[in-house]
Amino acid sequence: MMNEYFALVRKRCAEYGIDPNQIPSFDKVSTEELIEIQEKYSETLSVIKIFISQFLSKTKGIPLLVTVTDDKGTFIEYMGDETLQDTIVKLAGLQKGIQFTERKAGVSSVLAAIELKKPIQILGTEHYHHFLHSAACYSAPLYVNDRLIGTISVMTFLDFAHPMILTTLETVVDSIKRELDLREENRYLDEMNKMMLEHSSIGYIVTEESGKILNVNSKAKAILSGTKIEQHYIQEITPLNEIYNRFKQGDMIQNYEIIIENSKNLVCLVDCFPFQEGTLIQLHDITEYKKTEAYIQNTEKLTIVGQLAAGVAHEIKNPLTTLKGFIQLMQQNLYSETYTPVMLKEIERINEITNEFLVLSRPTVLSKELNDIKKLFVEIEVLLSSIGILKNIDFVKNFKDVPSIYCDGNQLKQVFINIFKNSVEALDHNGQVHLTVDLHNSHHIMIRFEDHGKGFPDHILTKLGQPFVTTKENGNGLGIMVCKRIIETIHMGQLNMYNKANNTGAVVEIILPISTD
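For the structure given in this document, a descriptive report is provided here. Every chain's residues receive numbers from 1 upward, in the order its sequence appears when written. In view of the model being predicted, local features appear only for residues whose pLDDT reaches at least 70, and side-chain atom pairs are presented and counted only at 80 or more, with totals across whole chains, interfaces and linings using the full set of residues. The side-chain figures draw on all heavy atoms in the structure; neither hydrogens nor water molecules are used.

1. Focus on the overall build of the protein chain
Phase 1 of the analysis: Helical segments are the DSSP runs of H or I of at least four residues, strand segments are the runs of E of at least two, and each set is numbered from the N terminus. The helix and strand tally for the protein chain stands at 16 helices and 19 strands.
Phase 2 of the analysis: For every residue, the accessible area obtained with a 1.4 Å probe (protein chains only) is divided by the maximum for its type, and the residue is called buried under 20%, exposed over 50%, and partly exposed between those limits. Counting all 517 residues of the protein chain, 44% fall into the buried class.
Phase 3 of the analysis: Taking as baseline every contact in the protein chain between residues at least 6 positions apart, the subset at least 24 positions apart corresponds to 62%.
Phase 4 of the analysis: Accessible area for the protein chain stands at about 28300 Å²; split by element, carbon and sulfur atoms hold 52% of it. Contacts are assigned to residue pairs with any non-hydrogen atoms lying within 4.5 Å of each other. Only the protein chains shown count as cover for residues, and all accessible areas are computed by the Shrake-Rupley method using a 1.4 Å probe.

Following this line, the structure appears as structure tokens:
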């Protein structure tokens, strides 16, 4: 095949009228074009020089000249033996910028390697031009990610020709290819990572081991607007400094909620991970999620208030009737000092009912403190009675001695009212709801609601707590979703719902941690 290829090239050279006895005058690109090509190949040439320098150092004593061309055969670099540079290079005018073309170069290992896409050797008289009959030329195409980018060639005197030169050249070129492929892949991944970071909805901050900030993406800059974080250590940025110090001390920082106090007052979840020798900090802006969550929670409160209206009206009507009777007696001058304490007691009862309504209608603001669970139930006893009174539901309570817990009392009241209301709705008239408050284990307390209704349908039991999953004809499932959020996310507890044996009713179990902070 090679003999046929060379024969065809020689035939064409004769047709071109090329004189083999004359040294060819090669075409040359302009200085500006050469500079542009060399800039384009700057990284490639830097890699080639590293490997070729090692190759030449191991073949010291053998006159070798290594040349590099681009994919069009433009001569852009050479290195190696000075003897060859002073003879063949200068004699043939092989200057940087010349272009190897068949009409000028005739039979050329460079052009053959580009055209045939494989390593080529041309020895002595195989060259078309006589001045190269004393030379041996070896060329190999250079590919990066399966794309031809040029050739690397080795030239020596014919007396030093050896098949191992081509084999060694192939090995060196393969090593160069793998290095360039790896760099290309790394560059692609780096650019992809940069693009993803810059357009990510998550803020990223990378620090050194000392805490000096190395890199910040656009989202993190937007979250921390007003702070020139590139010029700071992470320890100088509030409130990230406290979180960073805890992470460095060994604490796990994942989904840690903070408020960035600036013009926007954003709510963020923070994650910290080891990254190389430093730290990667992630900032998830959940401000809009928080607003939506608060809206849903407050909407659910108002729904409960509306559903309580009938029962509460009944509760308020009784003390109002008493007050009306006393006032009528006073109008008839039948006043007695015994009336005053009774009237004040009835007014206080009305006040208690309206106060609990106000608690339900207030916007949700997280406020944790030590609370006695039994006391929380006492405070909403009137509301719970108003829920059950319309069906004459008996509320049976069993309070065991349990320690106070660190919680948001108002939010837990909302959970208790919601669960009790659901139990009442599942019962027929004259039913019972059982409440048990007891220790679950040494670290948790348990609050259990039990009814004797029909229980949860099996097909939705595992989905309870998801939006719009409900057992009610006109329900939306948001009530239990809010309850799960309050218990499991805000209070780090558990909300378990299941049926009693033989479907004799439903059980809703709340497990809350005993903690002082």
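There's plenty left to go through after this.
2. Describing the sheet that holds strand β18 (residues 494-499)
Phase 1 of the analysis: If you trace the five strands from one edge of the open sheet to the other, you get β14-β16-β17-β19-β18, paired in mixed fashion. Edge positions in the open sheet fall to β14 (394-399) and β18, since each of these has one partner strand only. On average, each strand axis in the sheet is tilted by 15 degrees relative to the strand beside it, whichever way the strands run.
Phase 2 of the analysis: The pairing criterion is simple: DSSP has to find at least two bridges between the two strands. In this sheet, strand β19 (residues 506-513) lies alongside strand β17 (residues 444-451) in antiparallel orientation, the contact comprising seven bridges. Bridged to F449 within β19 is V508. All axes here are fitted lines through C-alpha atoms, helices being fitted over the stretch that makes contact, and every angle between N-to-C directions spans 0 to 180 degrees.

3. Some thoughts on the pattern of salt bridges
Phase 1 of the analysis: Each reported salt bridge corresponds to a side-chain nitrogen of Lys or Arg within 4 Å of a carboxyl oxygen of Asp or Glu. Here the structure, examined in full by the defined rule, presents 16 salt bridges.
Phase 2 of the analysis: In this structure, E77 and K49 form a salt bridge, with 3.5 Å as the shortest nitrogen-oxygen distance. Of this pair, E77 sits in strand β3 (residues 75-80) while K49 sits in helix α3 (residues 42-58); the two residues are 28 residues apart in sequence, bridging distant segments of the chain.
Phase 3 of the analysis: Using a relative accessible area of 10% as the deciding quantity, one classes E77 as buried.
Phase 4 of the analysis: Owing to a relative accessible area of 37%, K49 belongs among the partly exposed residues under this scheme.
Phase 5 of the analysis: Of the charged contacts, one joins R183 and E179 as a salt bridge, the two residues approaching to 2.9 Å between their closest N and O atoms.

4. Looking at the packing of α3 against helix α7 (residues 163-198)
How two helices sit against one another is set out by the angle between their axes and by the gap between those axes.
Phase 1 of the analysis: Running from N to C, α3 and α7 cross one another at 145 degrees; their axes reach a closest spacing of 10 Å. For α3 against α7, the interelement crossing comes out right-handed. For the pair α3 and α7, contact is made by E43, T44, S46, V47, I48, F51, I52 and F55 and by T168, V172, S175, I176, E179, L180, R183 and R187, respectively.
Phase 2 of the analysis: Throughout, the ten residues Ala, Val, Leu, Ile, Met, Phe, Trp, Tyr, Cys and Pro are labelled nonpolar, Asp, Glu, Lys and Arg are labelled charged, and all others, Gly among them, are labelled polar. Partitioned by chemical class, the residues of the contact of α3 with α7 number eight nonpolar, four polar and four charged. By definition, any crossing whose near helix is turned counterclockwise from its far helix by less than a right angle is left-handed, and any crossing with a clockwise turn is right-handed.

5. Digging into the pairing of strand β2 (residues 65-70)
Phase 1 of the analysis: Judged by how many residues are buried, β2 sits mostly within the fold: six of six residues are covered.
Phase 2 of the analysis: Residue alternation in β2 divides its side chains into two sets, L65, T67 and T69 and V66, V68 and D70, and both sets are buried.
Phase 3 of the analysis: Sheet topology places β2 next to β3; five bridges connect them, and they run antiparallel. Residue pairing in the sheet places T69 in a bridge with F75 of β3.
Phase 4 of the analysis: Here β2 folds back onto β3, and the loop between the two strands holds four residues, one of which, G73, carries a positive phi near 90 degrees.
Phase 5 of the analysis: The pairing of β2 with strand β7 (residues 147-157) spans six bridges and is classified as antiparallel. Bridge pairing in β7 links L65 to M155.

6. Describing the sheet that holds strand β6 (residues 135-144)
Phase 1 of the analysis: The strand order across the open sheet built from five strands is β3-β2-β7-β6-β5, with neighbouring strands paired in antiparallel fashion. In this open sheet, the two edge strands, each paired with only one partner strand, are β3 and β5 (120-123). Across the sheet, the mean angle separating the axes of adjacent strands is 20 degrees when strand polarity is ignored.
Phase 2 of the analysis: Pairing of β6 with β7, which is carried by ten bridges, proceeds in the antiparallel orientation. Bridged to A140 within β7 is I152.

7. Some details on helix α14 (residues 409-426)
Phase 1 of the analysis: Taking 1.5 Å of rise per residue, 18 residues should cover 26 Å, and α14 covers 26 Å from first to last C-alpha, within 8% of that figure.
Phase 2 of the analysis: Extensive coverage of α14 is indicated by the burial of 14 of its 18 residues.
Phase 3 of the analysis: With a side-chain oxygen lying 3.2 Å from the backbone nitrogen of N410, the N-terminal cap of α14 falls on D408. Helices are assigned an expected span. That span is 1.5 Å times one less than the residue count. Here a polar contact is taken to be a pair of N or O atoms separated by no more than 3.5 Å, where protein atoms must pair a possible hydrogen donor with a possible acceptor and residues adjacent in sequence count only if both atoms sit in side chains.

8. A short note on empty space enclosed by the protein
Phase 1 of the analysis: Put simply, the grid is 1 Å and covers the protein atoms alone, a cavity is a trapped set of points that fit a 1.4 Å probe, a pocket is an open set with protein on both sides within 12 Å along at least five of seven lines, and lining residues have an atom within 4 Å of a point. Grid points are joined across faces, edges and corners, and a volume is the space filled by probe spheres set on the points. Inspection of every chain in the model, using the stated rule, returns one cavity of 30 Å³ or more.
Phase 2 of the analysis: The calculated volume of the largest cavity comes to roughly 270 Å³.
Phase 3 of the analysis: For the largest cavity, the lining is made up of 22 residues, of which F100, S108, L132, C137 and M155 are closest to its centre.
Phase 4 of the analysis: Where the lining of the largest cavity is concerned, the elements lending two or more residues are α6 (109-116), β6 and β7.
Phase 5 of the analysis: Taken together, the residues of the lining of the largest cavity break down into 15 nonpolar, seven polar and no charged.

Geometric values such as these leave the question of function open.
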